[in-house]
Amino acid sequence: MSPNHNTPRIGVFYDGNFLLHASNYYNYIHPQRRRLSLSGLHDFICQRVAEEEGIDPKRCRVCEAHYFRGRLNAADAAQRGSQLYHDRVFDDILMSEGVHTHYLPLRNIYGRKEERGTDVWLALEVFEMALQGKIDVAVLVVADTDYVPLVRKLIAMGVRVMLISWEFEYTNDEGNRIVTKTSHELFNLAHYPVPMQEVIDCGLEQNNQLIQNLFVQGSDNRQGTELTSDENENDYRTDEEDYYPSTAASGARYTSQILSLKTGYGFIKYPNNNLFFHSLDVIEGDFSELAPGDEVEFSIGKNDHGQDVAKQVKRLGPGASDGARSGDSFWNGL
């Protein structure tokens, strides 16, 4: 066995949107109801590489970790409340795990903020490191068929490829069927394909500690250990509303729009997690008078599970929001 197999240099490369979508799924849809933990994921990767290569897990270390995603520029973020602070918080999370960040500015495509070029940047970064002999095992947390040429190049260069993949589907609050799949061609090409949905479900059923540690633990739900984002994200895409823990100030009032309404409850657009509110929390009006798209003013409280919810929800009429603080409306211009 060659030296690089005895002590493999592991590089982990994250498609930020894909990882975020998986974290949202486990936090909001899966019975686990917890988010993915970066430190737990790195421990899992090291253990899995050791098993696949038949070596002592103590010899496995993540020597390179890189995260790729689009995000708002400073000027746009400054118009969205404490977004700049949240950006810094998430950078702290990544830095604490030794993850290098690679951001590109979100572009306005037909009135919608979208990311462009991050997949190319990820592929070039992996290829360059392989070319320079810096990694022996490339762990790709990606899903798109676009990465197939990269994997083929890595194989030709003698770099082993582990693919961290997810496949799941569910129906969102709007009744739309959301399907997440990993390219089968990508899955079949990888030396070590890992179907995470199967591995996780089996490990949880067996109460496997390594799998349990893939999730943020109840008392460890700190800013530095979790991956957070939108509650009602329809696919692994990039929006202005991002992946941050709530920092709502006590007594503060916010303005946004009604996202959707159900029988006796609804959701308000909010960049941390789209906020649930009950019909009994509507003030100065009746729940039946609300409609999706209505501007509302609200405060933020906690439910019995410690999750953020909207309280004291008041519908704003024409001109009613003039007195609201401009920094509190995170949804202007969408």
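For the structure, see preceding data.
What you see is a predicted model; the values in this text were computed from it and never measured.

Engineer: It is not clear to me how the nonpolar core should be interpreted in this structure. Could you clarify?
Structural biologist: Across soluble globular proteins, you tend to see nonpolar side chains buried next to one another. Membership of the largest hydrophobic core comes to 45 residues, with the highest contact counts inside it found for I164 and W166. Among the elements that make up this core, the one with the highest residue count is helix α3 (residues 38–53) (seven residues). Non-local contacts of W166, meaning those with residues more than four positions away in its chain, are made with F18, A22, Y26, L36, V141, T180, K181, T182, M196, Q197 and I200. Membership of the second largest hydrophobic core comes to 20 residues, among which are M129, Y147, V161 and A190.

Engineer: I would appreciate a short explanation of the sheet that holds strand β1 (residues 9–15) in the present structure.
Structural biologist: Strands belonging to one sheet form pairs held by backbone hydrogen bonds; the direction of such a pair is parallel or antiparallel. Strand order in the open sheet made by the six strands is β3-β2-β1-β6-β7-β10, with parallel pairing throughout. Two strands bound the open sheet, and with one partner strand each, they are β3 (100–105) and β10 (192–195). Neighbouring strand axes in the sheet, compared pairwise and without regard to direction, differ in orientation by 15 degrees on average. Examined bridge by bridge, strand β6 (residues 137–141) and strand β7 (residues 160–165) share four bridges and lie parallel to one another. Looking at the pairing, V139 lines up with M162 of β7. Strand contacts of helix α5 (residues 83–96): β2 (61–71) and β3, with the helix running at about 145 degrees to β3, the strand carrying the most contacts. Strand contacts of helix α6 (residues 118–131): β1, β2, β3 and β6, with the helix running at about 160 degrees to β2, the strand carrying the most contacts.

Engineer: How do you make sense of the pattern of salt bridges when you look at a structure like this?
Structural biologist: Two side chains carrying opposite charge are able to pair once their charged atoms lie near each other. Under the criterion given, the structure shown has 14 salt bridges. Ionic pairing is found between D91 and R71, a salt bridge with its closest N-O pair at 3.5 Å. Placement of the pair is D91 in helix α5 and R71 in strand β2, with a sequence separation of 20 residues. The residues D91 and R71 share a single accessibility class, namely buried. With a closest N to O distance of 3.1 Å, E114 and R116 form a salt bridge. Residue class for R116 comes out partly exposed when judged on its relative accessible area of 43%. A network of salt bridges, in which partner residues are shared, links R253, E284, E297 and K314.

Basis of the calculations
- Sequence positions are assigned chain by chain, starting from 1 and proceeding in written order.
- With pLDDT at 70 or above as the cut-off, local features in this predicted model cover only qualifying residues; side-chain atom pairs require 80 or more to be listed or tallied, and sums for whole chains, interfaces and linings still use all residues.
- Hydrogen atoms and water are omitted, and side-chain values are computed over all heavy atoms in the structure.
- Nine residue types can take part in a nonpolar core, namely buried Ala, Val, Leu, Ile, Met, Phe, Trp, Tyr and Cys, and a core is a set of them joined through side-chain atoms within 4.5 Å.
- When accessible area is computed with a 1.4 Å probe and restricted to protein chains, residues below 20% of their type maximum are described as buried, those above 50% as exposed, and intermediate ones as partly exposed.
- The helix and strand labels rest on DSSP assignments: H or I over at least four residues marks a helix, E over at least two residues marks a strand, and numbering proceeds from the N terminus.
- By definition, residues are in contact when any of their heavy atoms lie within 4.5 Å.
- Strands qualify as paired when DSSP identifies two bridges or more between them.
- Helix axes use the C-alpha atoms of the stretch in contact, all axes being lines fitted to C-alpha atoms, and the angles between their N-to-C directions lie in the range 0 to 180 degrees.
- The working definition used for a salt bridge is a side-chain nitrogen of Lys or Arg within 4 Å of a carboxyl oxygen of Asp or Glu.

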